[in-house]
Amino acid sequence: MVNYRPIPEWLKKKIRARDKKCVYCKIPFKNNPTDRAEWEHIDNDENNICEENVTLCCKSCNASKGDKKLMDWLNSPNKKKKEINEETVTNIIKEYIRKHSL
Ligand SMILES: [Zn+2]
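It should be emphasised that the depicted structure is a prediction, and the values quoted were computed from it without experimental measurement. (Residues numbered from 1 in each chain as written. Predicted model: local features only at pLDDT ≥ 70, side-chain atom pairs only at ≥ 80, totals over all residues.)

1. Here's the deal with the overall build of the protein
- The secondary structure content of the protein amounts to 4 helices and 2 strands.
- Start at the N end of the protein and walk to the C end: the helices and strands fall as α-β-β-α-α-α.
- Relative to the 2.2 N^0.38 estimate, which gives 13 Å for 102 residues, the radius of gyration of the protein is 13 Å and therefore close to what a compact globule would have.
- By residue count, 17% of the 102 residues in the protein fall in the buried class.
- Restricting the contact set of the protein to residue pairs at least 6 apart, pairs at least 24 apart contribute 53%. (Helix = DSSP H or I, 4+ residues; strand = E, 2+ residues; numbered from the N terminus. Rg over C-alpha atoms; globule rule 2.2 N^0.38 Å. Buried ≥ 20, exposed ≤ 12 C-beta atoms within 10 Å, placed from the backbone. Contact = placed C-beta atoms within 7 Å.)

2. Quick notes on the confidence of the model for the protein
- Averaged over all residues, the pLDDT of the protein equals 90, while 90% of them reach at least 70.
- Per-element confidence in the protein ranges from a low mean pLDDT of 91 for helix H2 (residues 59-65) to a high of 97 for helix H4 (residues 91-99). (pLDDT = per-residue confidence, 0-100.)

3. Some points on the nonpolar core
- Judged by nonpolar contacts, Cys22, Val23, Tyr24, Ala37, Leu56, Cys57, Cys58, Cys61, Leu74, Ile84, Val89 and Ile93 together constitute the single largest core of 12 residues.
- Looking at this core element by element, the count peaks at 3 residues for strand E2 (residues 54-58).
- Setting aside residues no more than four positions away along its own chain, Val23 makes contact with Glu40, Thr55, Leu56, Cys57, Val89, Thr90, Ile92 and Ile93. (Core = buried A, V, L, I, M, F, W, Y, C linked by C-beta atoms within 7 Å.)

And the structure:
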């Protein structure tokens, strides 16, 4: 068993206030099962806990992205939501791509 570091409550609070819609497809979060917000680590490293890497995305994007690398997923023709690409994602993801020169 791998014990991942939990996301601290203060950070969760901050990110919940920031990410009101899916960082990938921009669907507003609701409480129904498909549009519920899920914690997402952009680089898939659950131990990389910082404001730049931890975001909220919808269940559908989370399931579609899985453990794929961000750019692989965004460029993948097989992803569920074909309209998502590096131009359509939120500024949080754009900033991440810019900072990491992806
Ligand atoms: Zn989404």
